[in-house]
Amino acid sequence: MADRITLQVTRYLPEESARPTSQDYEIPLRKDWSILDGLNHIKDHVDGTLSYRWSCRMGICGSCGMTVNGEPKLACATFLADYAPGPVRIEPLNNFPVVRDLVVEIGDFLEKLSAVKPWIIREDEEPVEGEYLQTPTELAEYKQFSMCINCMLCYSACPVYGLEPGFIGPAAIALAQRYNLDSRDRGSHERLDVLSTDEGIWDCTFVGECTRACPKHVDPAGAIQRYKPTAVAETLKAFLLPRGKR
Amino acid sequence: MSEQVEHVDFYARWYKPRISRLWWLRRRSYLVFVLRELSSVFVAWFVVFLLLLVRAVSQGDREYQRFLDLSANPWMLALNVITLFFVVFHTVTWFDAAPRAMVVRLRGRRVPARIVLLLHYAAWVLLTGITAWIILD
Amino acid sequence: MAKTVVEPIRWLLFSAGGMLAALLIPGLLVLFGVAIPLGWLDAPDHGHVLAVLRNPITRLVLLALCVLGLFHWAQRFRYTLIDGLQLKRHSDIINFLCYGLAIAGSLVAADLLLRTL
């Protein structure tokens with residue numbers, strides 16, 4: 001295996017130019033290095049002006065999402081050796097505005113995430129001793145959707161999010177489902193008002209790219225598809241039984 | 001560096017590239033997705049073809065024979081072979097997608113996705129067999 | 001963002017149409033579109049086909065297939081134009097044409113299957 005590899009990194013310095021450019025960096029190729037290790041090497045030894053987000057370097061914080069050779073990946077979970085002999089193209093996450101270099105603006109996602117109320121909603125606290133009990137079967141209902149690390153690779157992969165910026169997006173819906181399916185939660189009708197809208201689940205055409213991109217096997221496409229019949233049932237119920245209890 | 005770089009104090013200037021109209025050619029999975037969506041056109045064509053058949057049959061034996069001759073025309077045949085490809089593509093992709101919307105429970109335990117998929121294909125084979133048996137008998 | 005009533009109905013029609021199309025169309029197309037024209041199978045005689053089509057269950061099943069199949073096409077095709085070709089500006093006319101054609105086709109299907117046969 002060669003001992004060096006070239007990274008073609010997008011640079012966007014708004015104070016110097018109106019458009020992004022690409023800059024080549026030739027770095028050592030160590031067999032256990034991830035893309036993130038490569039970027040840290042560049043920052044520490046080659047070019048300190050490069051900007052990018054990272055934190056845990058072990059695939060749990062969701063900070064280091066980038067587009068690697070056209071695919072959305074976590075930089076800390078993607079290995080240089082798999083791309084040898086290179087070059088490797090590293091661009092900021094697709095479908096998000098670029099702030100600087102590899103840093104994208106994620107405010108839109110955070111707003112949409114809060115809009116689905118991703119917390120347990122109950123009208124009253126039961127007077128139980130200790131904690132609410134939940135069987136393994138009840139846990140299994142939503143556990144997969146709770147694995148989301150908010151890395152936004154799914155938003156980057158989703159063509160609908162790129163074309164319809166108002167689309168609430170895969171992770172937000174998967175996280176709404178995580179709470180809808182939690183036996184302790186009583187808030188699904190509140191989330192219905194946000195999800196069953198033109199810019200909620202009905203924008204989704206089940207492309208399935210979000211599930212392919214997800215590093216945590218959350219299967220957001222499955223979560224959305226599961227919710228569609230539920231939303232239809234709730235809409236029909238509201239229509240046919242307008243005075244039914246909410 | 002000796003050259004003067006034109007410098008402006010930093011303020012946020014986000015770069016938002018426009019999505020190309022040919023975005024779906026950029027990745028193979030996007031192209032497969034668009035082909036899947038276009039299979040619906042062939043579904044609509046089949047409905048037209050079916051209604052042509054029904055109309056011919058309702059008008060008598062001569063019209064029915066004329067329809068059969070039309071369906072043997074090389075252009076029509078070519079169209080229908082292409083349609084068959086797309087319609088089967090629709091079935092395969094539909095069966096891949098539809099079970100993900102259904103969570104079936106039997107006696108409290110969740111039926112695995114593979115079984116649901118198998119049941120879809122079994123239903124397909126059964127209905128095709130019944131159709132052939134009814135028409136050809 | 002108000003809850004929508006139209007989209008769930010559209011999705012229901014699209015889903016039902018897609019399922020019926022997936023289950024029934026390949027078999028019918030192989031028979032009448034490929035095998036019989038190529039002579040691999042003998043064409044059933046006119047009297048038999050007429051009797052099969054006149055059966056009320058056949059009429060109902062074929063009517064459902066045609067109507068739901070057309071609405072399945074309408075929903076999928078309009079999304080392909082609006083997202084795929086980025087014609088969102090024209091979404092009103094696209095919706096009108098797609099669903100208009102689906103409704104027109106459904107009326108023709110109903111007329112042929114319920115009245116003329």
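Residues numbered from 1 in each chain as written. Chains lettered and ligands numbered in written order. Predicted model: local features only at pLDDT ≥ 70, side-chain atom pairs only at ≥ 80, totals over all residues.

1. Some words on the overall build of chain A
Helices and strands together make up the secondary structure of chain A, namely nine helices and seven strands. Seen through its C-alpha atoms, chain A measures out along the principal axes to roughly 70 × 40 × 30 Å. Within the span of chain A, comprising 246 residues, buried residues form 42% of the whole. (Helix = DSSP H or I, 4+ residues; strand = E, 2+ residues; numbered from the N terminus. Buried ≥ 20, exposed ≤ 12 C-beta atoms within 10 Å, placed from the backbone.)

2. Topic: the domain arrangement of chain A
Residue and element names in this part refer to chain A. Here chain A is partitioned into domain 1 (4-104) and domain 2 (107-240). Here the C-alpha centre of domain 2 lies 30 Å away from the C-alpha centre of domain 1. Every contact between the two is made by 12 residues of domain 1 and, on the other side, 12 residues of domain 2. Counting residues per element, the ones that place at least two in the side of domain 1 that touches domain 2 are strand 3 (65-68) and strand 4 (71-74). Partitioning the side of domain 1 that touches domain 2 into residue classes produces six nonpolar, six polar and no charged. (Domains from an automatic or database assignment. Contact = placed C-beta atoms within 7 Å. Nonpolar A, V, L, I, M, F, W, Y, C, P; charged D, E, K, R; others polar.)

3. Digging into the domain arrangement of chain B
For chain B, the assigned domains read domain 1 (24-86) and domain 2 (102-137). Inter-centroid distance (C-alpha atoms) of domain 1 of chain B to domain 2 of chain B is 25 Å.

4. Observations concerning the environment of A:V88
All names here are of chain A. Tracing the sequence through the fold places V88 in strand 5 (residues 88-91). Put simply, V88 and V68 are 20 residues apart on the chain and 7.0 Å apart in space, counted from C-alpha to C-alpha. Residue contacts for V88: discarding those within four places in its chain leaves I5, L7, Q8, V68, N69 and Y83.

5. Quick word on the interface of chain C and chain A
Of the residues lining the interface, 12 residues belong to chain C; the matching set on chain A comes to 16 residues. Every element with two or more residues in the side of chain C that touches chain A is listed here: helix 1 (6-35) and helix 3 (56-84) of chain C. Residue contributions to the side of chain C that touches chain A peak at four residues, all from helix 1 of chain C.

6. Some points on the pairing of strand 4 of chain A
Residues and elements named next belong to chain A. Inspection of the sheet shows strand 3 paired to strand 4 by four bridges, in the antiparallel sense. Bridged to T67 within strand 4 is P72. With antiparallel pairing between neighbouring strands as the criterion, strand 3 and strand 4 make up a hairpin whose turn holds two residues, including N69 at a positive phi of roughly 50 degrees. (Pairing = 2+ DSSP bridges.)

7. Details of the interface of chain C and chain B
Contacts between chain C and chain B engage 46 residues on the former and 45 residues on the latter. Sorting elements by how many residues they give to the side of chain C that touches chain B places helix 1 of chain C first, with 16 residues. Its residues assigned to classes, the side of chain C that touches chain B shows 34 nonpolar, 11 polar and one charged.

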